Amino acid sequence: MSQKKSETPLMDHNTFTVELEKHLRRELGTTPKRATAHDWWQALSLTLRDINLDQLQQSSLDESQQDRHVCYLSMEFLMGRLLGDALMNLGLYETAATLLQSHGVRISDVLDQERDMSLGNGGLGRLAACFMDSLANQNIPATGYGINYRYGLFRQAFVDGYQKEMPDVWREFGSPWETCRPSETVEIGLFGHMEMDRDGNNRWVPGKKLFGVPWDITIPSFGGQYVNRLRLWESLVGAYPIDLDKYNQGEYLEACRNLVDGDTISGVLYPEDSTPQGKDLRLIQQYFFTACSLKDIIRQHKQRGLPMGSLAKHYALQLNDTHPAIAIPELMRLLMDEEGMVWNQAWAITQEMCHYTNHTLLPEALEKWSASLLGRILPRHLQIIEMINYVFLNGEAKEQWGDNLEIIQKVSIFEELDNGDRMIRMANLSVIGSRRVNGVAALHSGLVKANLFPEFDTLYPGKLVNVTNGVTPRRWLAHCNPGLARLLDRNIGTDWRTDLDQLEKLTPLAESPDFLDAFANVRFKNKERLARLIEKECKVTVNPNALFDVQIKRLHEYKRQQLNLLHIISLYHEMLDNPDADHTPRVFVFGAKAAPGYVLAKQIILAINKIAQVINNDRRLDDRLKVVFLPDYRVSLAEQIIPAADLSEQISTAGFEASGTGNMKLGLNGALTIGTLDGANVEIAEAVGDDNIFIFGKTVDEIAALQQQGYNPYHYYESNPVLKRAIDSLMNGSFCQHKPDLLKPVAEDLMHRDQFMALADFESYREAQQEVSETFRKPRLWWRKAVLNTARLGRFSSDRSIADYAEKVWNSK
Ligand code: F58
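Just so it is clear, the structure is predicted and the values come from calculations on it, not from any experiment. (Residues numbered from 1 in each chain as written. Predicted model: local features only at pLDDT ≥ 70, side-chain atom pairs only at ≥ 80, totals over all residues. Heavy atoms only, no water.)

1. Considerations on the overall build of the chain
Stage number 1. A tally of helices and strands in the chain yields 34 helices and 25 strands.
Stage number 2. Computed over its C-alpha atoms, the radius of gyration of the chain comes to 27 Å, within 12% of the 28 Å expected for a compact globule of 813 residues.
Stage number 3. The burial tally for the chain puts 61% of its 813 residues in the buried class.
Stage number 4. Considering only contacts in the chain between residues 6 or more positions apart, those separated by 24 or more positions represent 76%.
Stage number 5. Accessible surface for the chain amounts to roughly 31,400 Å². Of this, 49% is attributable to carbon and sulfur atoms.
Stage number 6. Counting 89 positive and 106 negative side-chain charges, the chain places the centres of these two groups 4 Å from one another. (Helix = DSSP H or I, 4+ residues; strand = E, 2+ residues; numbered from the N terminus. Rg over C-alpha atoms; globule rule 2.2 N^0.38 Å. Buried < 20%, exposed > 50% of the residue type's maximum accessible area, 1.4 Å probe, protein only. Contact = heavy atoms within 4.5 Å. Areas by Shrake-Rupley, 256 points an atom, 1.4 Å probe, with all protein chains shown as cover. Lys, Arg positive; Asp, Glu negative; His and termini not counted. Charge placed at Lys NZ, Arg CZ, Asp CG, Glu CD.)

Here it is in structure tokens:
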């Protein structure tokens, strides 16, 4: 799927200068002479936003166009910084850099002014951001719908090795990228009760009304001709935010209560990863943005003069995990209660419009809501969900399975609890109410069919499909690695930005010593840059000639940062035992946030920090081993780490990482992967070939077998002296003499529980790591593998993912 990029920028140098200065003077009240870096950042952002807004009307918002509009509903959009990417997309990067330079300002200082837009936790949110980019690049009309959180994912600092969380005030005085559209405000209801109207129909009388105000962000394609938008909802209370009676009686706090309630709904992003919290505020957030989005879609449809019966023909909803699954009963409610349709017609439209992406198999991460809670907040929706379940169980399910109670109980939307309450399984609701359900990598989608929803796969053949994730090459190669981008341009042309399969043309160059040198040189420069950042952030000096071994992702037991740590300790011991041996120098780089309530994950962070401190200060090592944990891992930090990585750690327990996308970003930039046969690693291994990746560890089947037979981590501890010594050193206070018990909880968990079987994979991991060290000592061999990684990972472009969605899921192009 290649798109032609524009040869000339949408705005010439002179107009650009005039527009930019206009923004400086009018919006910011300053002049080029007096402007601070922050002023320049704001003015540049406003100028680019304007260019995009002009194009928006001519492309995706053009009402005459017939393509099905994709509405990507997601609680999270992890956008990162927007300016650098936008300058590159609009072909104005050099123009801006030169102009700033003429005022004595460095463009990098200006780009650094931008606070990341961290409206997401991790992979799921970043995927949504990559998909928005690719939808624009595939010229598919699309809107991303989400929440305009006032506070994004917490900022992370380390205090004495402990993670400390601070609020993320990312847009204290507004963001130049966001345009408020108050005229498109919608009203939604919450709470209340059901009533019978005069015609005997059930009617919902909400107890509370809320407004959703849309804030739009433009998403340009490469070249800027095609522009989509992200529409984020902010919650506002009704017409009377302040109770003046109470206010006049001096009850100031009580008088403002409404204001506080209304504000909290879009106030904060839930900082959880992998385990959703069953809190009522989260359910209200889910309903809030979903209901606002559906109202918005229906309003636009009507504005175009189209009949309600054709809604599904013109709009496809993509539910990013089950978080927006309440869209299914909400759409039914709108079509029946507000548009007067009968059940069957409303159901046909709903099932035609909705599509659901599953991102996890972890049972504890599958969302369930208590029916009594949901019924209190959304009484009409509970009725509709009950009806959907009734029709399903007495229709399709009965036809297929008769009275087989075991299966009926499994496929039912409701799970009956012993205490009499019922839980609503949002995943079952999503499968029943959607036209397509997809997993996010081939292995994962296979497991979705075989283990998670086998009954649904039998009942609805063809409904469950796979769409392997991808990453946008504009941000994750062109923008973050300009050195490599230039090298590629010189050798294979420039089209790879919008047609990543072009990277295949690099294959013969993997045999050219000159090209390998140039490739290695780019990496070295990137490592020097990262080394400077490490020095600044961690006060640790690292050697850019060492192997940079990188693990960057959320901190979770299944991702197994603890396995990495055990290997580091074993290397440390080995170096102390054999100080004169020829060890490959390594720098271990970590970046990860732990959910604030996830105790063990935070203990693992503490352990990494404590061990880093000891190792980094041990002079006996001669600087051959360093461990750094960069604080506040986020998109803009990833952009600096990824181009400098030699080794990409993708070491989750097989069967638990649905896909991973960091694996794709690192591989694309030429890092070699050390990984298990999990998630998209399997497809990455297929693409690059067994010789160009370090695969280790138990397979999905072997993990399942081990679980079946009863996993005993202590057995591995006892029988492997290297492992035993590593764990003992955690136990006995070697890494924190002042508080010898500090790291005990991590050691004890590993020995006695080890839910994700790190110990079972330790030996195989260590062997693979030895192979890594040996290979790194043979530069020709290493760089050949690195080039082949870049050359063969073109299929992991999110442009390909979106083309797959269009074909297999939305039927849109
Ligand atoms: C991630 N899920 C998967 N969830 O773990 C990863 O393998 C995959 O590549 C990625 O999705 C994209 O498909 C993920 O990031 C969350 O962060 C949820 C946030 C809300 C609570 C539950 C977890």
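2. Examining the site of the ligand
Stage number 1. Close to the ligand lie 18 residues, the nearest being L124, H359, N469, E657 and G660.
Stage number 2. Here G123 contributes a backbone N or O atom positioned 3.4 Å from an oxygen atom of the ligand.
Stage number 3. At a separation of 3.3 Å, an oxygen atom of the ligand approaches a polar backbone atom of A658.
Stage number 4. Protein contact buries 94% of the 520 Å² of open area that the ligand shows by itself.
Stage number 5. The biggest single contributor to the shell around the ligand is helix α6 (residues 123-137), with 3 residues.
Stage number 6. Classifying every residue of the shell around the ligand gives 5 nonpolar, 8 polar and 5 charged. (Near = heavy atom within 4 Å. Polar contact = N/O pair within 3.5 Å; in protein donor to acceptor, adjacent residues only side chain to side chain. Nonpolar A, V, L, I, M, F, W, Y, C, P; charged D, E, K, R; others polar.)

3. Concerning the packing of helix α23 (residues 561-577) against helix α32 (residues 758-776)
Stage number 1. The N-to-C vectors of α23 and α32 enclose an angle of 55°; their axes lie 10 Å apart at closest approach. One element, α23, and the other, α32, form an angle in the oblique class. Our pair here, α23 against α32, has a crossing hand that is right-handed. Of α32, the residues touching α23 (which contributes Q562, L563, N564, L566, H567, S570 and E574) are A758, L759, D761, F762, Y765, R766 and Q769.
Stage number 2. Here the residues of the contact of α23 with α32 sort into 6 nonpolar, 5 polar and 3 charged. (Axes fitted to C-alpha atoms, helices over the stretch in contact; angles between N-to-C directions. Parallel < 35°, antiparallel > 145°, perpendicular 65-115°, else oblique. Left-handed = near helix turned anticlockwise from the far one by under 90°.)

4. Some thoughts on the nonpolar core
Stage number 1. With 268 residues, the main nonpolar core has L48 and L311 as its most contacted residues.
Stage number 2. Not counting residues up to four positions away in its chain, the partners in contact with L48 are F16, L83, A86, L87, L90, L92 and W177. (Core = buried A, V, L, I, M, F, W, Y, C linked by side-chain atoms within 4.5 Å.)

5. Some thoughts on the pairing of strand β10 (residues 202-205)
Stage number 1. Inspection of the sheet shows strand β9 (residues 193-196) paired to β10 by 4 bridges, in the antiparallel sense. Bridging across to β10, M194 finds its partner in W204.
Stage number 2. A loop of 5 residues connects β9 with β10, the two strands running antiparallel in sequence, and G200 in this loop sits at a positive phi of about 80°. (Pairing = 2+ DSSP bridges.)

6. Here we look at the sheet that holds strand β17 (residues 422-425)
Stage number 1. Here we have 3 strands laid out as an open sheet, ordered β15-β17-β16, and antiparallel in their pairing. Single-partner strands in this sheet number two, and they are β15 (368-370) and β16 (414-416). Strand after strand, the sheet turns through a mean of 30° between neighbouring axes, direction not considered.
Stage number 2. Of the strand pairs in this sheet, β15 and β17 are connected by 3 bridges, and their pairing is antiparallel. If you follow S370 over to β17, its bridge partner there is M423.
Stage number 3. Strand contacts of helix α17 (residues 426-433): β15 and β17, with the helix running at about 45° to β17, the strand carrying the most contacts.

7. Overview of the pattern of salt bridges
Stage number 1. Across all of its chains, the model carries 54 salt bridges by this definition.
Stage number 2. We note a salt bridge from D337 to R380, for which the minimum N-O separation is 2.7 Å. With a gap of 43 residues between them, D337 in helix α12 (residues 327-338) and R380 in helix α15 (residues 379-401) connect regions that are remote in the sequence.
Stage number 3. Residue D337 is classed as partly exposed on the basis of its relative accessible area, which comes to 33%.
Stage number 4. A salt bridge links K593 to D632, with the shortest nitrogen-to-oxygen separation between them at 3.0 Å. (Salt bridge = Lys/Arg side-chain N within 4 Å of Asp/Glu carboxyl O.)

8. Details of the packing of aromatic side chains
Stage number 1. Under the counting rule described, the total for this entry stands at 21 aromatic pairs.
Stage number 2. Taken together through their ring pairs, the aromatic side chains of Y72, F77, F131, Y805 and W810 make up a single cluster.
Stage number 3. Just above the ring of Y460 sits the side chain of K463; from NZ or CZ to the centre is 3.9 Å.
Stage number 4. Between K527 and the ring centre of F548, over which it is positioned, the NZ or CZ distance is 4.8 Å. (Phe/Tyr/Trp six-rings, centres within 6.5 Å; stacked < 30°, edge-to-face > 60°. Lys NZ or Arg CZ within 6 Å of the ring centre and 35° of its normal.)

9. Comments concerning the sheet that holds strand β22 (residues 625-629)
Stage number 1. Strands sit in the order β22-β21-β20-β23-β24-β25 across an open sheet of 6 strands; the sheet is parallel. Since the sheet does not close on itself, it has two edges, and those belong to β22 and β25 (694-695), each with one partner.
Stage number 2. Sheet topology note: the strand β24 (residues 672-675)/β25 ladder contains 2 bridges and is parallel. Its bridge partner lying in β25, G675 is registered against I695.

10. So, a nonpolar patch on the surface
Stage number 1. Judged by side-chain polarity, I242, L244, Y247 and Y252 come together as a nonpolar surface patch covering roughly 390 Å² of accessible area.
Stage number 2. With respect to the helices and strands, the residue I242 is situated in the loop between β12 (227-237) and α7 (244-248). (Patch = residues over 30% accessible without salt bridge, like charges linked within 9 Å, V, L, I, M, F, W, Y side chains within 5 Å.)

11. Things to note about the pairing of strand β20 (residues 547-552)
Stage number 1. By the criterion of burial, β20 is predominantly enclosed, with 6 of the 6 residues buried.
Stage number 2. Residues L547, D549 and Q551 point to one face of β20 and F548, V550 and I552 to the other, with burial holding for every one of them.
Stage number 3. In terms of strand pairing, β20 meets strand β21 (residues 586-591) through 6 bridges, oriented parallel. What sits directly across from D549, in β21, is F588.
Stage number 4. Tracing the backbone out of β20, into α23 and back to the parallel element β21 gives a crossover that is right-handed.
Stage number 5. Of the strand pairs in this sheet, β20 and strand β23 (residues 647-650) are connected by 2 bridges, and their pairing is parallel. The residue bridging V550 from the neighbouring strand is S648, located in β23. (Right-handed = clockwise from strand over helix to strand, strands pointing away.)

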